[in-house]
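Understanding the architecture of this molecule
Chain by chain, the residues:
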Amino acid sequence: MAKTIIEFHKTFFTLQENPAVPAPHVEILVAVDPSGNAVHPQAPAPHVETLVEIESSGHTAHPGTFPTWIRIVLDDLPEVEHPYSEIEGRALADGGLQPLLTAPFTAGRHTLAVMFKGVSQSGKSYLKAKGFTFETARPVAHVVLRFLSFLNDEPELTLTVIEQSWLESPPSGSATEDPVYRLGVFANGVGEYGKAASFFLASLERHNPVRSDDHRLRLAEAYAGAGLPEEAEALLKAVIAQSPDEVSRARAWLLIERFAFRDGLYARAIEAYERADVARLGSSLPSPLLDDAHLFAGTSGLVLHQYQLAAAAFRRVTRSGPDAPFALYGHAQAVAGLGDAHTASGVFKTLAESRSPSDPVQARVADFARTALGFQRIEQGRHEEALSELGQVRPAHPAYEAALFGVGWALQKMGEHVKAIAIFQDLITRFPHGEHVHEARLAMASSYADLRAYTRAVTAYRAALEAGMASLRDVDRLRGALDNPNWDPVAERLTDDDSVQAEPAASRSMERYRWLLRSEQELRRTLDRVPESPSFAPSGCSDAQKPCSNARGNTPRAVDTAQLVAEGRTLLVDLDALKGAFRGVLRGQAHDALDREQQRLEDWAVQASVGIAKNLIADRDELGSEALTVD
């Protein structure tokens, strides 16, 4: 199915942009120009597209500097508004082109009104508008609008008219300068993997094969995202076997590592990491890619209990980079796994002490470190130190529930049962559906028993049993919802705490299901834009030349518009059937997760039942058999 989707998008793109029989249109896109050169209204246009470009001056733009919203109005057509997400900003910063508007072509004079808003480099909000007029004569007209965002505190716009197809000009010598390739970069960045692969394939057919490593690496990413792991790995292995550039070969290995890690193939991820020879080539690889590779390898080592390897990988993460707090936290876990509790405690303490309100990432990791250090101190019997660390975790932090349980546990170990009971009760009130709530109920009942308050202990154990039985009924209710023919895995959450959806297999299946939904939406939008031209000749071929070959010696398939529409509608039907099959897979995975949750709840229910029985006996022995006349 993924291959069919990719082929459809590639055929549609070639049909629209074919120089021999073009579909008359005007297209507006958004992009970041990585050249860093200022663009002036008088500058000659290199190629034709309606392009809105956000341009930097010598360095890559950060997504936060882009306009957050844009509205364009071309002639008397309906206005187009678009808010920008952080994901889109990063795709633009990576060199992508974002299609914003495609309109039927009309020769003559045109007006274009642009309004955009954002935050300036000085931190002030702005709203700006500008109007342009331009003329077009050829069937394919493109207007280049560039945001000169780094040349001014607030972005300025320039306009250039270009009348040429994407496929009409000869391919450039650099992959990053090829507009077809840049279309793929944006689509890949925002998760439209089928479209991304189609653009990369179209670009690869036109591009110099000697300079195609970037194309193949990007195409492999798109294939993997579209659910074609075998095709992705075949491309990466081709780069490894054929590329004369050892940096490209190392990048291919690191992509294999990324895909393996994402699919839970941790041994394969470590193998690829080691084959990339990062120790020797690290200085030649992009720092973000390299740090990701170290983090993936370190985390894989933790999962496989290969703590020595994990510690070494985490140590290689750039200490001044944004991933450093995560790497230090992972390094501490690896060292603890090696049995060096003293060093692990030192790293956790360093992280905890480095919490900074101005650095949210560091502060977030610091509280995780405090929680880990607190539990470590409890196991070491250093309860006062544990309370000091756990007590500093912020209530809004994801680890706060665990930290609160740790406080109660430490107090219980110290014999401070009254205080422990108060903490456990606070946890139950704050997190009625939390991960530790059942353990807290049992621990609270245990503290009552240690205080010899047997009646209260029985009451607490019964409350724990009732809560466990209520959770078991929720599990049964969720099973019933899963079996509903109209069950929607996106709209309906399986559990309040996401314990089912967080499982790796279910998470991966959900990711692919969402890709199917995005593919369906994009396919419908594409069909709405299918041109009315009666036929399509392969790129660079006239009707008299058919059949002909492209730059790679392949003969493109001739398709007319009616056939393309029919194929698209058939594809929609097939997609709907595949969505149903994926819902079945998700149902099965959810049922398995609920079975495991049921077993956990039943174990707690047994503990509560045993606690009730023991404390009833203790209460009877304490008060005498005559005192226990009921229950």
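Predicted, not measured: the structure shown is a model, and the values here were computed from it.

1. Focus on the overall build of the chain
- From N to C terminus, the chain includes 21 helices and 9 strands.
- Burial analysis of the chain (631 residues in total) assigns 50% to the buried set.
- If you take every contact in the chain between residues at least 6 apart in sequence, the share linking residues at least 24 apart comes to 64%.
- For the chain, the computed accessible surface area is about 29200 Å², with 52% contributed by carbon and sulfur atoms.

2. Remarks on the nonpolar core
- One finds Phe13, Leu219, Tyr223 and Leu236 to be the most contacted residues of the largest nonpolar core, which totals 115 residues.
- At 13 residues, helix α21 (residues 561-623) tops the list of elements feeding residues into this core.
- Those residues in contact with Leu219 that lie beyond four places of it in its chain are Ala197, Phe200, Leu201, Leu204 and Leu235.
- Judged by nonpolar contacts, the second largest core, of 24 residues, contains Ala91, Ala103, Phe134 and Phe186.

3. Here we look at the pattern of salt bridges
- Taken as a whole, this structure holds 31 salt bridges when the rule is applied.
- Here Arg370 ties to Glu389 by a salt bridge, and the two come within 3.0 Å at their closest N and O atoms. With a gap of 19 residues between them, Arg370 in helix α14 (residues 360-379) and Glu389 in helix α15 (residues 383-390) connect regions that are remote in the sequence. Exposure class is identical for Arg370 and Glu389. Each is buried.
- Each of Glu233, Lys237, Arg268 and Glu271 takes part in a single network of salt bridges with overlapping partners.

4. Remarks on empty space enclosed by the protein
- Within the structure shown, the criterion is met by 3 cavities of 30 Å³ or more.
- Here the largest cavity defines a volume of roughly 60 Å³.
- Lining the largest cavity, in full, are Ile5, His9, Gly191, Glu192, Tyr193, Gly194, Lys195, Trp515, Arg518, Ser519 and Glu522.
- Here the lining of the largest cavity gets 4 residues from one element, more than from any other, and that element is helix α20 (residues 504-528).
- Along the lines of polarity and charge, the residues of the lining of the largest cavity split into 3 nonpolar, 4 polar and 4 charged.

5. Here we look at the layout of surface pockets
- There is about 560 Å³ of room inside the second largest pocket.
- Around the second largest pocket sit 28 residues that line it, and Pro99, Leu100, Lys195, Glu522 and Arg529 are the ones nearest its centre.
- Of all the secondary-structure elements, those providing two or more residues to the lining of the second largest pocket are α1 (2-17), β4 (80-83), β5 (97-104), α3 (179-189), α4 (193-206) and α20.
- Top contributing element to the lining of the second largest pocket by residue count: β5, with 6 residues.
- Grouping the constituent residues of the lining of the second largest pocket by class yields 13 nonpolar, 6 polar and 9 charged.

6. Re the packing of aromatic side chains
- Going through the model one piece at a time under the given rule, you end up with 10 aromatic pairs.
- With a centroid separation of 6.3 Å and 50° between ring planes, the pair formed by Tyr400 and Phe431 is classed as tilted. With Tyr400 in helix α16 (residues 400-413) and Phe431 in the loop between α17 (417-430) and α18 (437-450), this pair connects stretches of sequence that are 31 residues apart.
- Assessed through its relative accessible area of 22%, Phe431 is described here as partly exposed.

7. Thoughts on the side chain of Glu522
- Topologically, Glu522 is positioned in helix α20.
- Each residue touching Glu522, except ones within four places of it in the same chain, is listed here: His9, Glu192 and Lys195.

8. Focus on the pairing of strand β7 (residues 125-136)
- Summarising the sheet, strand β6 (residues 108-119) and β7 pair through 12 bridges and their orientation is antiparallel. Residue pairing in the sheet places Leu112 in a bridge with Phe132 of β7.
- Counting the residues in the hairpin turn of β6 and β7 gives 5 residues, including Gly123, whose phi is positive at 90°.

9. Brief notes about helix α11 (residues 307-315)
- All buried positions along α11 are accounted for by Leu309, Ala310, Ala311, Ala313 and Phe314.
- Looking at the buried residues of α11, the elements they touch are α8 (266-275), α10 (287-303) and α12 (324-337).

10. Focus on the packing of helix α7 (residues 246-262) against α8
- Interhelical geometry of α7 versus α8 gives an angle of 165° and a closest axis separation of 8 Å. Relative to α8, α7 is oriented roughly antiparallel. The handedness of the crossing between α7 and α8 is left-handed. Each of Trp253, Ile256, Glu257, Ala260 and Phe261 in α7 lies in contact with α8, whose residues at this interface are Tyr266, Arg268, Ala269, Ala272, Tyr273 and Arg275.
- In the contact of α7 with α8, the residues fall into 8 nonpolar, no polar and 3 charged.

11. Comments concerning the pairing of strand β3 (residues 69-74)
- Pairing of β3 with β4, which is carried by 4 bridges, proceeds in the antiparallel orientation. Directly across from Ile70, in β4, lies its bridge partner His82.
- Where β3 folds back on β4, the antiparallel hairpin that results is connected by 5 residues, among which Asp75 adopts a positive phi of roughly 55°.
- With 6 bridges connecting them, β3 and β6 associate as antiparallel partners. Considered in β6, the bridge of Leu74 is made with Leu112.

12. Looking at the sheet that holds β4
- With respect to topology, 4 strands assemble into an open sheet ordered β4-β3-β6-β7, the strand pairing being antiparallel. Bordering the open sheet on either side are β4 and β7, each of which pairs with just one other strand. The sheet shows a mean angle of 15° between the axes of neighbouring strands, taken without regard to direction.

13. Comments concerning α17
- With 14 residues, α17 should cover 20 Å at 1.5 Å per step; its first-to-last C-alpha distance of 20 Å lies within 8% of that length.
- Check the buried side of α17 and you find it contacts α16 and α18.

14. Things to note about the confidence of the model for the chain
- Residues at a pLDDT of 70 or more form 81% of the chain, whose mean pLDDT is 81.
- Predicted confidence for residues 34-51 stays below pLDDT 50, and this span has 58 contacts to residues more than four positions away or in other chains.
- Note on residues 533-556: pLDDT under 50 across the span, and 47 contacts to partners over four residues away in sequence or across chains.

15. Overview of unusual backbone geometry
- The phi dihedral of Asp75 falls on the positive side, at around 55°, and the residue is not glycine.
- One can find Asp75 in the loop between β3 and β4.
- We note that Arg452 has phi near 65°; this positive angle belongs to a residue other than glycine.
- Following the sequence through the fold, Arg452 ends up in the loop between α18 and α19 (454-482).

16. Thoughts on the environment of Phe13
- Relative to the helices and strands, Phe13 resides in helix α1.
- Sequence separation between Phe13 and Val180 is 167 residues; the distance between their C-alpha atoms is 9.7 Å.
- Contact partners of Phe13, with chain neighbours within four places excluded, come to Trp166, Leu167, Val180, Leu183, Phe199 and Ala202.

Reading the values: the criteria
Residues numbered from 1 in each chain as written. Predicted model: local features only at pLDDT ≥ 70, side-chain atom pairs only at ≥ 80, totals over all residues. Heavy atoms only, no water. Helix = DSSP H or I, 4+ residues; strand = E, 2+ residues; numbered from the N terminus. Buried < 20%, exposed > 50% of the residue type's maximum accessible area, 1.4 Å probe, protein only. Contact = heavy atoms within 4.5 Å. Areas by Shrake-Rupley, 256 points an atom, 1.4 Å probe, with all protein chains shown as cover. Core = buried A, V, L, I, M, F, W, Y, C linked by side-chain atoms within 4.5 Å. Salt bridge = Lys/Arg side-chain N within 4 Å of Asp/Glu carboxyl O. 1 Å grid on protein atoms, 1.4 Å probe; cavity = no way out; pocket = protein on both sides within 12 Å on 5 of 7 lines; lining within 4 Å. Points joined across faces, edges and corners; volume = space filled by probe spheres on them. Nonpolar A, V, L, I, M, F, W, Y, C, P; charged D, E, K, R; others polar. Phe/Tyr/Trp six-rings, centres within 6.5 Å; stacked < 30°, edge-to-face > 60°. Pairing = 2+ DSSP bridges. Axes fitted to C-alpha atoms, helices over the stretch in contact; angles between N-to-C directions. Parallel < 35°, antiparallel > 145°, perpendicular 65-115°, else oblique. Left-handed = near helix turned anticlockwise from the far one by under 90°. Expected span 1.5 Å × (residues − 1). pLDDT = per-residue confidence, 0-100.

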